Structures are given as C-alpha cells and as structure tokens.
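Analysis of the macromolecular model
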Amino acid sequence: MKRIARITVVALTLLLVFSALGWAMMPRWDIRPYDNHLTVATSNPDIEPANASIPHEGRYRTRETNITVDVGDGVTLPAVLREPVDAPGPRPACLFIHGSGTSGAEDFGDIANAMASAGIVTLVPAKRNDDYTVLHRDYARFAHEYGKALDVLRGTDGVNPAATGIYAESEGTWIATILASSRKDIAFAALTSAPVFKGREQMAMAVSAYAKQAGAPKPVIKDIAKLMSLDYAPFDLAYADFDADRYLSTLTMPVLVSYGTYDTAMPIEQGAQRIMTAAHRAGNDDVTIRYFAGNHQMRAGQGLFTPGLPLADGYTQALENWVNGVAVELEMGVANVSVRDVRAEAAEVDGAVDEDTGDADTNVPATAVNTTAKTWTMAKNWATPQIAGVQPHQRFAAPTRTDSGIIGSLGVLVGIMAAGPVLLIVAALLGLGMMAAAFARDYGSKVRIKGKRAALHIRPGALSGGAHAATAGNGIPAARAYTTVDRSLARLGIAGPCWLLGIVSTVITMLAYGYLTAVGLASVYVKPYPQLFGIGWTVLQVLTVLLVITFAWQLEYCWRYRCCITGARRVICVVVAFAAFTSLTSLAFWGLFALPF
C-alpha cells in the first residue's frame with residue numbers, strides 16, 4: 001500500500017506540473033468568432049456603369065499568342081497574350097498575377113479568355129519557381145518581374161496604357177500591392193481572395209476554420225493559436241510576417257475586391273473592410289466589394305482540390321464589366337475626385353459634422369465610411385451598390401496580435417517533439433550494446449573441463465563485508481536485492497527496467513501525432529468527422545494519463561532499486577526518463593493536459 005501511495009503522489013504531481021506547463025505554453029490571445037458582419041445591398045453581383053455602354057462577355061472572338069517576357073538577368077518567361085479580335089482601340093488591358101497554387105502561363109485561361117471576349121487584352125506570364133519553396137518566398141522579386149510583364153502589356157499594339165491594370169489572386173495580392181507601391185501607372189487593381197493580414201494572422205484564422213469544419217474538438221482548434229505564435233526564423237519562413245498593412249495604402253486606384261463565400265481560408269469580411277479602410281485613408285473610396293458562391297479559387301464548389309469545377313456564377317461578368325466601367329471612367333475623366341470632396345460626401349452620408357465650422361468633417365474616421373452596404377456614388381456613374389452578391393459569413397476573426405507563451409520558437413517545438421523518439425533510439429542502441437557486451441563476456445567466461453563446458457560467473461553483488469552488510473532500502477539486503485533485480489533485468493532485455501516506459505511513451509506519442517495529422521488532412525480536404533475526432537481526443541487524454549502513471553511507477557521503481565541499477569542500465573533508465581519527459585512536454589503543448597480552472 002505504501003508503494004501505491006508513493007506512485008499516486010508522484011503521478012498527481014506530474015499531472016499538476018504538466019498541466020501548468022501546458023497552460024504556460026498557451027499564448028495570451030485566442031481565436032475569436034467574427035461578429036462585425038457586412039450586409040450586402042443585393043444578391044445580384046452584377047456591375048454596370050449608369051451612363052455608358054460597354055461590351056459584355058462573348059462580344060468578340062479571341063486570339064491567343066504565346067510570347068516571352070524578359071525579366072532581367074538573362075531570364076525570360078513564357079506568357080500567353082489574349083486579345084479581342086476586331087475590337088476597337090485603344091483597349092483596356094489586364095495583367096494576371098499568380099497566387100501560391102498557380103505558376104504557369106496557361107493558368108487563368110478561362111478567366112483571361114472571358115475578359116478578352118469582352119474587349120479586354122489580357123496577359124498571363126509564368127511565375128518563376130526557382131527559390132520559391134514552402135520555406136522561402138521573395139515577394140519583392142516577383143513584383144519586379146511582374147512589373148516587366150506589365151511594361152510588355154502596356155506596349156502591346158491596341159492597348160491603352162492609361163487603362164491597364166492588374167488582377168491578382170490570394171498570395172498574389174501581396175505581390176500586387178508591392179508592385180503598386182513602386183508604380184503609379186496602374187489604372188485598376190482587381191484583388192481576389194486577398195489574405196490582407198500577415199501570413200501567421202491569416203493562417204490562424206484559416207486553420208481554425210478548417211479544423212472547425214473537420215469537427216475537431218475545441219482544444220485542438222485552440223492549438224492553432226500556439227502554432228501561429230511561434231517564431232519561424234530558424235526555418236526561413238519570413239514571409240509569414242509579410243507586412244500587408246504597409247502596402248495597403250498604395251491602393252489609390254479603383255479597386256475590386258472579390259471573395260468566395262465558401263472560402264474559409266480568407267478573412268472574407270474582415271479583409272474587405274480592412275481594404276476599404278486603408279484605401280479611404282489614402283483618399284480612395286473607389287472600392288467595390290463582390291461576394292460569389294465559390295471557393296478560394298472562385299470555383300463553384302467547396303473543395304480546394306476538386307478538379308474541373310466551373311467558375312462561380314457571375315464572376316467573370318462582374319469582373320469584365322468593372323474593368324470596362326473603369327476604362328469608361330478614365331475616358332470621361334471623372335475617376336479622380338478630390339480627397340476632400342470624397343470625404344465630405346462620405347461625412348455627409350454618415351452625419352459627421354465638424355463641431356467648430358459646421359461643415360462636413362473631412363477627417364471622418366475610416367471606419368465610418370463605406371462599411372455598410374450603400375450605393376457607390378463616388379464617381380457618379382455607377383448604377384450598382386458598393387457591396388453586393390451572396391451574403392458572406394466569416395466564422396473566425398484574424399487576430400491582430402500573436403505573442404507566444406513560454407515556447408516562442410518553432411525550432412524549439414520541433415526539437416522537443418523530436419527529442420523523445422531520438423532519445424528512445426539512443427536508449428535502444430545503448431541496450432543493444434549492453435547485450436552485446438554481456439554476450440561477449442559470458443561467451444569469454446566459458447571454459448572446457450575434461451571435454452565438457454562450464455561457465456564461470458562472477459556476481460558483482462558479492463559485496464565485501466558480507467551478504468547482509470548493506471541494504472537496498474526498505475530493509476532489503478543489497479546482495480539479495482541486487483541478485484533478484486539483476487535476474488529480472490536480464491529477462492527484461494535491452495531497456496532494463498525502463499522498457500515499459502519507453503514502449504508506452506513511443507506508442508502514445510505516435511498516436512497523438514497521427515491524430516493531429518488526420519485532423520489536418522481532414523481540414524484541408526473538408527472531410528468532417530466530428531464524432532470520430534471527439535472520441536479520438538478523449539482516448540488520447542486517457543492514454544496520456546496512463547503514460548503519466550507509467551512514468552510515476554517507473555520513477556518509483558528506479559528510485560527504490562537505485563543502488564542495484566548501475567552502469568549502462570542506469571544510463572539507459574535516465575535516457576528513457578528524459579525521453580518520456582520530453583514526450584509529455586510535447587503532449588502538454590498540444591493541450592492533452594488541462595487545469596481545472
């Protein structure tokens with residue numbers, strides 16, 4: 001009973017220690033539901049000028065031409081130029097900028113061709129993939145290269161350079177804003193599925209939404225906050241901290257923001273509001289927001305990797321009409337309204353008045369302007385509202401702070417996760433070496449006497465001073481205790497008395513990592529298994545408690561017979577104990593321990 005009491009006390013102490021450790025590793029922020037929702041003025045996403053006739057999709061036949069773009073340093077990239085046949089000039093034109101999932105000149109073919117059929121010249125250059133990896137991405141270099149392609153497009157026969165702009169998707173919108181910061185000749189910017197926030201902030205929101213869709217338990221969803229808090233510097237993931245805010249102020253041209261309402265990877269409402277706010281502060285209220293029943297790639301389906309999905313209904317038509325409408329604005333010379341006039345009108349709409357002069361307050365806060373659905377009256381020539389389409393519903397808010405807990409580095413986390421398996425391998429190798437040495441010693445101690453084999457065994461337990469001169473604790477004679485334990489160790493094999501702890505630690509750790517991998521895959525492929533993941537999490541928590549009990553039992557056992565476990569066996573036990581400790585620390589990071597408060 002005393003032994004059971006000791007093991008219980010040790011186990012409870014370990015549970016408390018690792019629960020406190022898990023709490024300390026939790027960042028001081030959390031993923032929260034998003035509640036500042038936009039309201040669309042109409043479900044119709046169409047965009048039409050009020051007082052102008054524009055060509056629509058299918059008006060012209062299209063022609064494709066394969067060209068190359070010299071981006072400097074002796075590098076040329078293939079590109080596909082699409083033109084409307086027999087369309088009068090000069091024509092508006094649009095350069096396409098890839099996101100993370102596309103890179104070829106043949107990408108965006110259906111969108112670019114649809115735009116060309118509406119009288120818009122399009123150019124899709126390939127994106128260089130050298131030095132573009134999961135760990136490293138040079139957005140400034142991409143902006144420079146797309147700038148070279150923009151020069152080619154502006155110089156194409158029949159193109160109106162003053163009505164030439166850009167189309168960017170997803171990660172490409174970051175590149176687009178860098179490009180806009182260095183050039184003032186971009187006539188318009190169509191931003192689709194724009195992340196807007198820093199990579200870690202956007203991913204914190206996205207992965208939380210993915211995990212929620214997959215049916216992951218709340219503790220697993222909260223683990224996302226921990227991952228997004230870490231310093232990625234050891235892995236060169238600097239782009240995770242790309243400062244999107246720094247470049248949003250460059251959006252001084254007409255901007256079209258499009259999101260798919262099935263897209264859980266992007267801040268579809270928060271992002272639109274942030275772009276409107278940043279553009280307004282730069283004196284630009286020429287921002288249009290459209291929502292479509294589509295996914296991240298603006299395809300009519302929810303799966304990220306489902307091939308052959310058509311584009312969301314009405315997407316290309318709205319895009320083409322907006323570009324042609326902006327071109328009409330530029331021709332009419334009404335696109336540039338003074339900042340003061342725009343803000344005065346916005347203040348008048350929102351009832352903001354300067355208390356000193358009685359005039360409309362031209363310094364009205366950005367959040368008071370264009371954050372609800374209302375008719376876009378900035379240029380006085382649009383008949384459609386600023387915010388329209390399918391009603392969006394963003395589930396989680398992208399956080400604005402991501403300070404970490406006591407583990408602040410991804411390198412440290414990877415080290416802790418890898419330490420357990422590595423230390424167990426070291427213990428196994430030491431055990432194999434110990435067995436080999438024992439075999440060699442036993443084989444060398446065998447001698448032949450008159451044709452028969454006999455083994456000479458020298459028992460280290462034959463201590464000086466008599467067999468009962470010392471005790472192993474609890475009144476057990478050392479020699480007898482050593483003999484009993486030593487025989488037991490011989491039967492237990494390479495890990496000695498710690499073999500059970502090593503096995504339990506390995507199995508539970510691998511199950512935990514496997515569970516997290518399964519949740520990740522289900523999240524990415526939108527395969528919800530809420531009941532299965534709930535049961536799996538409960539099982540992992542029970543197994544974690546089992547590991548703690550095993551750890552406590554082995555600690556008590558090794559301490560009880562500490563004078564008998566010597567040499568290589570002692571080293572093995574220490575290594576296995578450290579392996580179990582790092583495994584439990586890793587499990588604490590992933591939320592498998594919880595304090596009662």
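None of the values given here were measured: they were computed from a predicted structure.

The rules we used
- Residues numbered from 1 in each chain as written.
- Predicted model: local features only at pLDDT ≥ 70, side-chain atom pairs only at ≥ 80, totals over all residues.
- Heavy atoms only, no water.
- Helix = DSSP H or I, 4+ residues; strand = E, 2+ residues; numbered from the N terminus.
- Buried < 20%, exposed > 50% of the residue type's maximum accessible area, 1.4 Å probe, protein only.
- Contact = heavy atoms within 4.5 Å.
- Areas by Shrake-Rupley, 256 points an atom, 1.4 Å probe, with all protein chains shown as cover.
- Core = buried A, V, L, I, M, F, W, Y, C linked by side-chain atoms within 4.5 Å.
- Expected span 1.5 Å × (residues − 1).
- Phe/Tyr/Trp six-rings, centres within 6.5 Å; stacked < 30°, edge-to-face > 60°.
- Polar contact = N/O pair within 3.5 Å; in protein donor to acceptor, adjacent residues only side chain to side chain.
- Pairing = 2+ DSSP bridges.
- Right-handed = clockwise from strand over helix to strand, strands pointing away.
- pLDDT = per-residue confidence, 0-100.
- Axes fitted to C-alpha atoms, helices over the stretch in contact; angles between N-to-C directions.
- Parallel < 35°, antiparallel > 145°, perpendicular 65-115°, else oblique.
- Left-handed = near helix turned anticlockwise from the far one by under 90°.
- Nonpolar A, V, L, I, M, F, W, Y, C, P; charged D, E, K, R; others polar.
- Salt bridge = Lys/Arg side-chain N within 4 Å of Asp/Glu carboxyl O.

1. With respect to the overall build of the chain
The helix and strand inventory of the chain stands at 15 helices and eleven strands. Expressed as a percentage of the 597 residues in the chain, the buried residues total 51%. In the chain, 77% of the contacts between residues at least 6 apart in sequence involve partners at least 24 apart. With an accessible surface of roughly 27200 Å², the chain has 60% of that area assigned to carbon and sulfur atoms.

2. Here we look at the nonpolar core
If you look at the biggest cluster of nonpolar residues, it comprises 125 residues, and the most contacted ones within it are Leu191, Tyr259, Ile275 and Tyr291. Top element by residues in this core is helix α15 (residues 567-589). It accounts for ten residues. The next biggest cluster of nonpolar side chains, apart from the first, holds 25 residues, and it includes Ile120, Ala190, Phe292 and Val326.

3. Structural notes on helix α9 (residues 315-332)
For α9, spanning 18 residues, the distance from its first C-alpha to its last is 26 Å, which sits close to the expected 26 Å at 1.5 Å a residue. In terms of burial, α9 is a largely internal element, 14 of the 18 residues being buried.

4. With respect to the packing of aromatic side chains
Counted according to the given criterion, the structure contains 18 aromatic pairs. Between Phe96 and Tyr167 the ring centres are 4.8 Å apart and the planes differ by 40°, which places this aromatic pair in the tilted class. One end of the pair, Phe96, is in strand β3 (residues 91-97); the other, Tyr167, is in strand β5 (residues 159-169), with 71 residues separating them in the sequence. Each member of the pair, Phe96 as well as Tyr167, is classed as buried. With 5.4 Å between their ring centres and 80° between their planes, Tyr139 and Phe242 make a pair best called edge-to-face.

5. Some thoughts on the environment of Val17
Position of Val17 among the secondary structure elements: in helix α1 (residues 2-24). Note on Val17: relative accessible area 43%, which makes it partly exposed. For the pair Val17 and Phe593, spaced 576 residues apart in sequence, the C-alpha to C-alpha distance is 9.6 Å.

6. What to know about the side chain of Gln273
Locating Gln273 in the fold gives a position in helix α8 (residues 270-281). Polar contacts involving the side chain of Gln273 include one to the side chain of Tyr34, which spans 2.3 Å.

7. Digging into the pairing of strand β6 (residues 189-192)
Residues Ala189 and Leu191 line one face of β6 and the alternating positions Ala190 and Thr192 line the opposite face, and both faces are buried. Note that β5 and β6 share four bridges and pair parallel. Across the sheet, the residue bridging to Tyr167 is Ala190, located in β6. Remark: the β5/helix α4 (residues 172-182)/β6 crossover connection has right-handed handedness. Here β6 runs beside strand β7 (residues 255-260); their pairing, made up of four bridges, is parallel. When the bridges of β7 are listed, Ala189 appears paired with Val255.

8. Some words on the confidence of the model for the chain
With 81% of its residues at a pLDDT of at least 70, the chain reaches an overall mean of 80. Segment residues 334-380: pLDDT under 50, and 83 contacts once partners within four positions in sequence are set aside and those in other chains are kept. Considering only residues more than four positions removed or in separate chains, one finds that residues 453-495, a stretch of pLDDT under 50, has 59 contacts.

9. Here's the deal with the pairing of β3
Among the seven residues in β3, seven count as buried, and that is most of the element. The alternating pattern of β3 places Arg91, Ala93, Leu95 and Ile97 on one face and Pro92, Cys94 and Phe96 on the opposite face, and all of these are buried. Pairing between β3 and β5: six bridges, direction parallel. Among the inter-strand pairings, Cys94 is bridged to a residue of β5, identified as Gly165. Two elements, β3 and strand β4 (residues 121-125), share three bridges in a ladder whose sense is parallel. The partner of Ala93 across the bridge, within β4, is Val121. The parallel pair β3 and β4 is bridged by helix α2 (residues 109-117), and the resulting crossover is right-handed.

10. Quick notes on the packing of α2 against α9
In the contact formed by α2 and α9, the axes pass within 9 Å of each other and the chain directions differ by 45°. Taken as axis vectors, α2 and α9 run oblique relative to one another. Where α2 crosses over α9, the two elements pack in a sense that is right-handed. Counted together, Ile111, Ala114 and Met115 of α2 and Tyr315, Thr316, Leu319, Glu320 and Val323 of α9 form the full contact between these two elements. In the contact of α2 with α9, the residues fall into six nonpolar, one polar and one charged.

11. Digging into α8
Helix length check: α8 (twelve residues) gives 17 Å between terminal C-alpha atoms against 16 Å at 1.5 Å per residue, within 8%. α8 sits mainly inside the fold: ten of its twelve residues count as buried. When we look at burial in α8, the residues that qualify are Gln270, Gly271, Ala272, Gln273, Ile275, Met276, Thr277, Ala278, Ala279 and His280. Positive phi shows up at Gly283, right after α8, with a value of about 85°.

12. Concerning the sheet that holds strand β1 (residues 62-72)
Pairing is mixed across the open sheet formed by nine strands, whose spatial order is β1-β2-β4-β3-β5-β6-β7-β8-β9. Both outer strands of the open sheet, β1 and β9 (387-389), are each paired with one neighbouring strand and no more. The sheet shows a mean angle of 20° between the axes of neighbouring strands, direction not considered. Taken together, the six bridges between β7 and strand β8 (residues 287-292) define a ladder with parallel strand orientation. Paired with Val255 across the two strands is Val287, which belongs to β8. Across the face of the sheet, α4 comes into contact with β3, β5 and β6 while running at roughly 145° to β5.

13. Focus: the pattern of salt bridges
Opposite charge on two side chains allows them to pair when their charged atoms are near. Applying the stated rule across the entire model yields 13 salt bridges. Put simply, Glu556 and Arg6 hold a salt bridge, and the shortest N to O gap is 2.9 Å. Of the two residues, Glu556 sits in helix α14 (residues 530-560) while Arg6 sits in helix α1, which places them 550 residues apart along the sequence. Relative accessible area serves as the criterion here: at 35%, Arg6 is assigned to the partly exposed category. Between Glu64 and Arg82 there is a salt bridge; the shortest N-O distance is 3.2 Å.

14. Regarding unusual backbone geometry
For the bond running from Gly89 to Pro90, omega is -5°, close enough to zero to count as cis. In this structure, Pro90 sits in the loop between β2 (75-84) and β3. With a phi angle near 65°, Phe108 is a residue other than glycine that sits in the positive phi range. Looking at where Phe108 falls in the secondary structure, it is placed in the loop between β3 and α2. Taking the relative accessible area as the measure of exposure, Phe108 reaches 9% and is therefore buried.

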